[in-house]
Amino acid sequence: MKPLILVNFKTYPEATGKKSLPLARKISQVRKQKYQLAVAPSILNLKEVSEKTKLWTFSQHTDSVDLGAHTGRIPAKELKQIGVTGTILNHSERKIPFNFLKKIMENCKKERLKTVICASTISEVKKVAKLKPNYIAYEPEELIGGNISVTESQPVIIVRAVKAARSISPKTKVLIGAGIHSKEDLEHAFLLGAKGVLIGHAVAQAKDPTKFLREMLP
Ligand code: G3P
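Residues numbered from 1 in each chain as written. Predicted model: local features only at pLDDT ≥ 70, side-chain atom pairs only at ≥ 80, totals over all residues. Heavy atoms only, no water.

Draft legend 1. Just empty space enclosed by the protein, in detail. Under the defined criterion, the tally for this structure stands at one cavity of 30 Å³ or more. In this structure, the largest cavity is lined by 14 residues; those nearest its centre are Lys10, Ala178, Leu198, Ile199 and Gly200. Along the lines of polarity and charge, the residues of the lining of the largest cavity split into six nonpolar, six polar and two charged. (1 Å grid on protein atoms, 1.4 Å probe; cavity = no way out; pocket = protein on both sides within 12 Å on 5 of 7 lines; lining within 4 Å. Points joined across faces, edges and corners; volume = space filled by probe spheres on them. Nonpolar A, V, L, I, M, F, W, Y, C, P; charged D, E, K, R; others polar.)

Draft legend 2. Seen up close, the site of the ligand. Taken together, Asn8, Lys10, His91, Glu139, Ile144, Gly145, Ala178, Gly179, Leu198, Ile199, Gly200 and His201 are the residues near the ligand. Taking lysine 10, its side chain carries an N or O atom lying 3.0 Å from an oxygen atom of the ligand. Taking glycine 179, its main chain carries an N or O atom lying 2.8 Å from an oxygen atom of the ligand. Notes on the ligand: free accessible area 310 Å², of which the protein chains cover 100%. Assessed atom by atom at 2 Å from the grid points, the ligand resides in the largest cavity. Tallied by class, residues from the shell around the ligand come to four nonpolar, six polar and two charged. (Near = heavy atom within 4 Å. Polar contact = N/O pair within 3.5 Å; in protein donor to acceptor, adjacent residues only side chain to side chain. Areas by Shrake-Rupley, 256 points an atom, 1.4 Å probe, with all protein chains shown as cover. Sits in = over half its atoms within 2 Å of the grid points.)

Structure below.
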């Protein structure tokens, strides 16, 4: 399995509305065979990006509901129908109570959607590992959106996160995120046992996202 490089578009002005598909296309021009590139555009752009690029696409969130009388919700089944690869869940900017997370994971597994559950602490890593997602993304909340990366500031905790996830759910791969912005960050992430990264502003707001990613991915 190739390391996963997942770019979260969040709702950055550079990455939403009419700018979402062009950004995804720029990312798809990176073409580095060693990595699996993936994007998480805003919900409103997800279908278009899934249909018009070959990138893996992830929803930034999923709700616990099935198809039916639910207003303003994102069901796993509908994500599958529109060709989405998977979903980010429990992001620090969109936390989900554990009972709901459990139900969402059941729905995602039924639909064969890939799951990336975010965790901000080691105890959260241990808790969400019980749900056996495909990936756990360790992202300390205080470093998200900044320029000091989690690899620089918390190398020991990353090793603990990888160990904790592995001991509870051996097949789950650990991603790390928060402030990731350089080749060194990526190399350190792999050395510390991560199998990929989640990147937000460094790519979404880069002047030239293609060049930025090409230089970042060795
Ligand atoms: O989902 C990715 C994320 O929260 C990290 O954001 O901007 O620190 O790379 P950023």
